[in-house]
Amino acid sequence: SISTLACCGLAPREAPAMASNAPLKAADAEQGRAAMNVADPVSPSSPRAAAVAAMITKFGLLGFFTFSRAIHPLIIDKTKENGKYPHEPVTIVFMSSIVIFVFMQLMTLMQGGLEQWKQIWNPKPMMVFSLIGFVYAIGDWLELKSLGGLSGPMYQVLSQSKLMITAA
């Protein structure tokens, strides 16, 4: 009710006049929201909808990367034949990098549009992030080399134990 809204400081300065039995028209609803300074909760362009979409995207990406980091040692372990890889470990690192590159390019285009996508190719930040990516690629390659001598579950236990050492 208006008195409840007034109590919370949310009452409209001037409520739209409506007949008691008249159906609510879109213009009346918009005028009421404007008087109360409230965004349309259903509109995909409302700030609330944008915040929800951003939160869903962040949690989706977190889930995707967490799952991929958790499951990849087990999948890689299953590719071994007689305890050895039938391919070079650097092949996995290279293919993984290509998939992540394409996926993130598409995500940038979907989330930020062409303008934000063009910012990726700015040479100064690209050099910094390329160096970081190169170091991570070396780390991935070394990780696969070490996984070559261990089973997937054993590697996963050792990999997780470094979190406890880091936290201590």
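We now turn to the structure provided with this report. (Residues numbered from 1 in each chain as written. Predicted model: local features only at pLDDT ≥ 70, side-chain atom pairs only at ≥ 80, totals over all residues. Heavy atoms only, no water.)

Quick notes on the overall build of the protein chain
- The secondary structure content of the protein chain amounts to six helices and zero strands.
- For the protein chain, the α and β elements follow one another from N to C terminus as α-α-α-α-α-α.
- The buried share of the protein chain, reckoned over its 168 residues, is 14%.
- Once local pairs closer than 6 in sequence are excluded, the contacts in the protein chain between residues at least 24 apart make up 54%. (Helix = DSSP H or I, 4+ residues; strand = E, 2+ residues; numbered from the N terminus. Buried < 20%, exposed > 50% of the residue type's maximum accessible area, 1.4 Å probe, protein only. Contact = heavy atoms within 4.5 Å.)

Some details on the side chain of Gln105
- Structurally, the position occupied by Gln105 is in helix α4 (residues 89-120).
- Among the polar contacts listed, one links the side chain of Gln105 to the side chain of Trp117, at a separation of 2.4 Å.
- With residues up to four places along the chain from it excluded, the contact list for Gln105 reads Trp117, Ile120 and Trp121. (Polar contact = N/O pair within 3.5 Å; in protein donor to acceptor, adjacent residues only side chain to side chain.)

Some words on a nonpolar patch on the surface
- Judged by side-chain polarity, Phe94, Met95, Ile98, Phe101, Val102, Leu106, Leu109, Leu114 and Trp121 come together as a nonpolar surface patch covering roughly 850 Å² of accessible area.
- Examined against the element boundaries, Phe94 turns out to sit in helix α4. (Patch = residues over 30% accessible without salt bridge, like charges linked within 9 Å, V, L, I, M, F, W, Y side chains within 5 Å. Areas by Shrake-Rupley, 256 points an atom, 1.4 Å probe, with all protein chains shown as cover. Salt bridge = Lys/Arg side-chain N within 4 Å of Asp/Glu carboxyl O.)

Concerning helix α5 (residues 123-147)
- Relative to the 36 Å expected for 25 residues at 1.5 Å per residue, α5 spans 35 Å between its end C-alpha atoms, a close match to the ideal helical length.
- Those residues of α5 that fall on the buried side of the exposure criterion are Glu143, Leu144 and Leu147. (Expected span 1.5 Å × (residues − 1).)

Remarks on α4
- Under the 1.5 Å per step criterion, the end-to-end length of α4 is only 29 Å for 32 residues, more than 12% shorter than the ideal 46 Å.
- In the structure, α4 departs most strongly from a straight axis at Gly112, where the bend amounts to approximately 125 degrees.
- Within the sequence span of α4, burial applies to Pro89, Val93, Gln105, Met107 and Thr108. (Bend = angle between axes of the 7 residues up to and from the residue.)

Comments concerning the nonpolar core
- Judged by nonpolar contacts, Ile76, Tyr85, Val93, Leu144, Leu147 and Tyr155 together constitute the single largest core of six residues.
- Excluding its chain neighbours within four sequence positions, the residues that come into contact with Ile76 are Tyr85, Ile92, Leu144 and Leu147. (Core = buried A, V, L, I, M, F, W, Y, C linked by side-chain atoms within 4.5 Å.)

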